[in-house]
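Coordinate inspection notes
Read off the chains here:
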Amino acid sequence: MKKYISKFHYLTQDLPDRSHVQQVQIACEAGANWVQYRCMTKPEDELVDELNEIAGICDDWGATLIITNHYHLLDKVDAQGVHIEDPLADLAAIRATITDEKTLGASASNPDTLMKIQSLGVADYCGYGPFAHTHTKHNDYPLLGFDGYRQLEKLPIDIPVIAVGGVLLNDVERLLQTGIYGIAVSGAVNLALNPGSALKEFYRKVY
């Protein structure tokens, strides 16, 4: 049975003036129903403490909480799944570890990797990008742009594809016309003058 996958994924990021907890509180109050916690800078004990606090917020608002990469923490915090960014990760082994009870997301930057992930049959969705330049995380992958997503229409894809990487509000409508399932956003919300309002605008565009 396929799991529910939101069409809009909100990602936290390391910010100098707003903690991940504060980011999630703002996002959930604005209506976020899918929160992806992304932090690669803290030791495990701090991650667990922060995730437990965030899990409480998500639970209060009915939002799905996904952890980026740290799937070994799923037995320590109340999160609904994990997103693995490493395209070379052993997704089958990770699925066996987290069981079918948890959601598993994967990342791809080209059609071959995307089709390989789909063929494994263990990922519930795939983040596909980067769409455009982004400061949220460093990567050396070519920017896909709109044409990169239109190429997917030629492939037999049945896994939900989430466009990610530098997606701005004005990009949403055209991206959704390429046949992707949804979008993921971080900086366009977190760095906005009013993050809550920015998130609401994205939801209006997506839904």
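Structure first, text after, so check above.
The sections below set out a description of the structure shown in this document. (Residues numbered from 1 in each chain as written. Predicted model: local features only at pLDDT ≥ 70, side-chain atom pairs only at ≥ 80, totals over all residues. Heavy atoms only, no water.)

This paragraph deals with empty space enclosed by the protein. Per the stated rule, a full pass over the model turns up one cavity of 30 Å³ or more. For the largest cavity, the calculated volume is near 30 Å³. Lining the largest cavity, in full, are Tyr10, Arg18, Gln23, Ile26, Ala27, Val189, Asn190 and Pro195. Only helix H1 (20-29) and helix H7 (187-190) provide two or more residues apiece to the lining of the largest cavity. No other element matches the three residues that H1 contributes to the lining of the largest cavity. The class makeup of the residues in the lining of the largest cavity is five nonpolar, two polar and one charged. (1 Å grid on protein atoms, 1.4 Å probe; cavity = no way out; pocket = protein on both sides within 12 Å on 5 of 7 lines; lining within 4 Å. Points joined across faces, edges and corners; volume = space filled by probe spheres on them. Helix = DSSP H or I, 4+ residues; strand = E, 2+ residues; numbered from the N terminus. Nonpolar A, V, L, I, M, F, W, Y, C, P; charged D, E, K, R; others polar.)

Turning our attention to the pattern of salt bridges. Applying the stated criterion across every chain yields a total of eight salt bridges. Note that Asp124 and Lys3 form a salt bridge whose closest N and O atoms lie 3.5 Å from each other. On the criterion of sequence distance, the pair formed by Asp124 in the loop between helix H4 (111-120) and strand E6 (125-128) and Lys3 in the segment before strand E1 (8-11) is long-range, its members being 121 residues apart. According to the relative accessible area criterion, Asp124 is buried, its value standing at 15%. Salt bridges linked by common partners bring Lys3, Arg95, Asp100 and Asp124 together as one network. (Salt bridge = Lys/Arg side-chain N within 4 Å of Asp/Glu carboxyl O. Buried < 20%, exposed > 50% of the residue type's maximum accessible area, 1.4 Å probe, protein only.)

In this structure, Leu168 sits in the loop between strand E7 (161-163) and helix H6 (172-176). If near-sequence neighbours (up to four positions away) are discounted, Leu168 is found in contact with Ala188 and Phe202. (Contact = heavy atoms within 4.5 Å.)

This part covers helix H3 (residues 91-98). All of the buried residues in H3 are Leu91, Ile94, Arg95 and Ile98. Projected down its long axis, H3 shows its buried positions confined to an angular sector of 100°, all on one face. Away from the buried face of H3 by more than 90 degrees, exposed residues Ala96 and Thr97 are located. Where the residues of H3 are buried, they touch strand E4 (81-84), strand E5 (103-108) and H4. At the exit of H3 stands Thr99, carrying a positive phi of roughly 70°. (Arc of directions from axis to C-beta.)

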